[in-house]
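Descriptive analysis of the structure
Below, each chain spelled out in residue letters.
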Amino acid sequence: MSAALSLSLKEARRLVLAAQGFTSRRPTAAIRAAHLLKVIERLGVVQIDSVNALVRSHYLPLFSRLGIYPRKLLDQAAWGTGRQRALFEYWGHEASLLPLELYPAMRWRMRRAARGEGIYRQLARFGVEQQPLIQRVLQTVREQGALGAGSLSTRQERAGPWWDWSAEKHALEWLFAAGEVTVAGRRGFERLYDLPERVIPSVILAQPEPEEAEAQRRLLLRSAAALGVATEKDLRDYYRLDPTDSRARVAELVENGDLSVARVQGWDKPAYCLGEPRVPRKVAASALLSPFDSLIWERARTERLFDFHYRLEIYTPPHKRVYGYYVLPFLHHERLVARVDLRSERAHGRLAVHAVHGEEAGLHEEALAALAGELRALADWLELPSVVLNCRSALAARLRPLLQE
């Protein structure tokens, strides 16, 4: 086995940013579906989240990398019909959009879910005890086509919050995890479920299903490509693999020469990458990042790479929040240099900036001008005519005139 590649922390950051699509120039012409699909192919998975304080989270990673684009392009790729559809929903990282080509590599996970194994143990009891209900719900989907949980519910009382599911919703989610149904579309944010053969292209369904170990190796290689350089835990977390499976598969990939071992300055665990990667000489991107962006969703990795301690404070009581309710990190060149608490106030036609927090190194004028540009672009993309700064800090005072240019 060849000696491990040695990387400085700066080199590791550049590799990661390149792998995550932040070294490519944003398109200057009108953005088409091909641009979106190229980004999603690079990332391998885009996380979905229900919070709509700014915009649904799955739209943001594409904005961060492409700039202003028509959100309908992602809707068509994820939930369109015929040749428009290029993605499918499943449990990738969390609830996720994934390229259709990964569907066969997820079948083993669906089988485990049906058996209630591994991360799906919580489904085992429901799958055993509620089979009559599950089969009744499945038959209704067969007969009636794409359905939401609300149209199936037999409960008499009014449904409560997101987690207050009816028995039929539980059945649909069991069927979804087991691959017996998939998401045909969405009504608002409600999933509409249908049979895979009526949603997933036949050419994808006809592909042979890889063995579990081979599917896991494929996913880990996709993780390595998307992460640039990563520990085994980083690789595992990208598609939420079981630790025992991941350790065995990573060892096999190293033995086969598909993964190279690397040492990264300051990391106490070995890292892995594809081959001998070329480190960019610099990264000059600027971007506001969704809290669920794949660059930063593994918080310990974010600290290792960027010395940036980040926690989402949505569920923190207001008086205990440090930075705000919906805070987006700001990437400038190769560092995370600020945090911005943002809200779309659609009724008033404005993007509200409730707080701006600079990191310890501070925001120099170039970075501050770049942040102002990204905020204006975000407002334009969201069709909000104005940007309102509701922060009285010294940093906000420096930012305010730049927003008015």
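Criteria and thresholds
- Residues numbered from 1 in each chain as written.
- Predicted model: local features only at pLDDT ≥ 70, side-chain atom pairs only at ≥ 80, totals over all residues.
- Heavy atoms only, no water.
- Helix = DSSP H or I, 4+ residues; strand = E, 2+ residues; numbered from the N terminus.
- Rg over C-alpha atoms; globule rule 2.2 N^0.38 Å.
- Buried < 20%, exposed > 50% of the residue type's maximum accessible area, 1.4 Å probe, protein only.
- Contact = heavy atoms within 4.5 Å.
- Areas by Shrake-Rupley, 256 points an atom, 1.4 Å probe, with all protein chains shown as cover.
- Lys, Arg positive; Asp, Glu negative; His and termini not counted.
- Charge placed at Lys NZ, Arg CZ, Asp CG, Glu CD.
- Pairing = 2+ DSSP bridges.
- Arc of directions from axis to C-beta.
- Core = buried A, V, L, I, M, F, W, Y, C linked by side-chain atoms within 4.5 Å.
- Domains from an automatic or database assignment.
- pLDDT = per-residue confidence, 0-100.

All right, on to the overall build of the chain then. Within the chain, the regular secondary structure consists of 15 helices and 14 strands. For a compact globule of 405 residues, the expected C-alpha radius of gyration is about 22 Å, and the chain comes in at 22 Å, within 12% of that figure. Summarising its shape, the C-alpha atoms of the chain cover approximately 65 × 60 × 45 Å along the three principal directions. Across the 405 residues of the chain, 55% fall into the buried class. In the chain, the proportion of contacts linking residues at least 24 apart, taken out of those at least 6 apart, comes to 64%. Carbon together with sulfur atoms contributes 50% to the accessible area of the chain, which is approximately 19,200 Å² in total. Treating the 58 positive side-chain charges of the chain as one cloud and the 48 negative ones as another, the clouds have centres 3 Å apart.

With that settled, consider the sheet that holds strand β4 (residues 95-99). Taken in spatial order, the three strands of this open sheet run β2-β4-β3, and their pairing is antiparallel. At either end of the open sheet lies a strand with only one pairing partner, and these are β2 (46-47) and β3 (87-91). Two strands pair when backbone bridges link them, and β3 and β4 are joined in this way by five bridges, in the antiparallel orientation. Bridge assignment links tryptophan 91 to a residue of β4, and that residue is alanine 95.

Quick look at helix α6 (residues 121-129) now. Here α6 has its buried residues at Leu123, Phe126 and Gly127. All buried residues of α6 project into a common sector of 100° when viewed along the axis, lining one side. Across from the buried face of α6, at angles greater than 90 degrees, the exposed residues are Arg121, Arg125 and Val128. Looking at the buried residues of α6, the elements they touch are α5 (107-115), α7 (131-144) and α8 (167-177).

The next thing to look at is the sheet that holds strand β9 (residues 271-273). What the four strands build is an open sheet, ordered β1-β8-β9-β7; its pairing is mixed. Edge positions in the sheet fall to β1 (5-7) and β7 (230-231), since each has one partner strand and no second. Relative to strand β8 (residues 260-264), β1 runs parallel, the two being bridged by three bridges. Following the sheet pairing, leucine 5 is matched in β8 by alanine 262.

Its identity is not glycine, yet arginine 240 carries a phi of approximately 55°, on the positive side. Among the structural elements, arginine 240 can be located in the loop between α11 (232-238) and α12 (243-255). Of the residues examined, arginine 240 reaches a relative accessible area of 28% and is grouped as partly exposed. The phi angle at aspartate 307 is positive, at roughly 50°, despite the residue not being glycine.

Bringing the pairing of strand β11 (residues 327-332) into the picture now. Counting buried positions along β11 gives six out of six residues, so the element sits mostly inside the fold. The alternating pattern of β11 places Val327, Pro329 and Leu331 on one face and Leu328, Phe330 and His332 on the opposite face, and all of these are buried. Sheet topology note: the strand β10 (residues 286-288)/β11 ladder contains three bridges and is antiparallel. Following the sheet pairing, serine 286 is matched in β11 by histidine 332. Taken together, β11 and the strand that follows it, strand β12 (residues 335-345), pair antiparallel across an intervening segment of two residues, in which histidine 333 is found at a positive phi of about 55°.

What follows covers the nonpolar core. Among the nonpolar cores identified, the biggest contains 114 residues, and Leu54, Tyr90, Leu342, Leu375 and Leu378 are the most heavily contacted of them. Counting residues per element, this core draws most heavily on helix α14 (residues 365-381), which supplies ten residues. Composition of this core by domain shows at least three residues from each of domain 1 (5-100 + 208-274) and domain 2 (311-403). Setting aside chain neighbours within four positions, we find leucine 375 in contact with Leu288, Val340, Leu342, Leu351, Val353, Val387, Leu399 and Leu403. Grouped together as the second largest cluster of nonpolar side chains are 24 residues, Leu15, Val264, Ala287 and Ile296 included.

This prediction gives the chain a mean pLDDT of 93; 96% of its residues lie at or above 70. A low-confidence stretch, residues 155-164 stays under pLDDT 50, and its non-local contacts, those more than four residues away or across chains, total six contacts.

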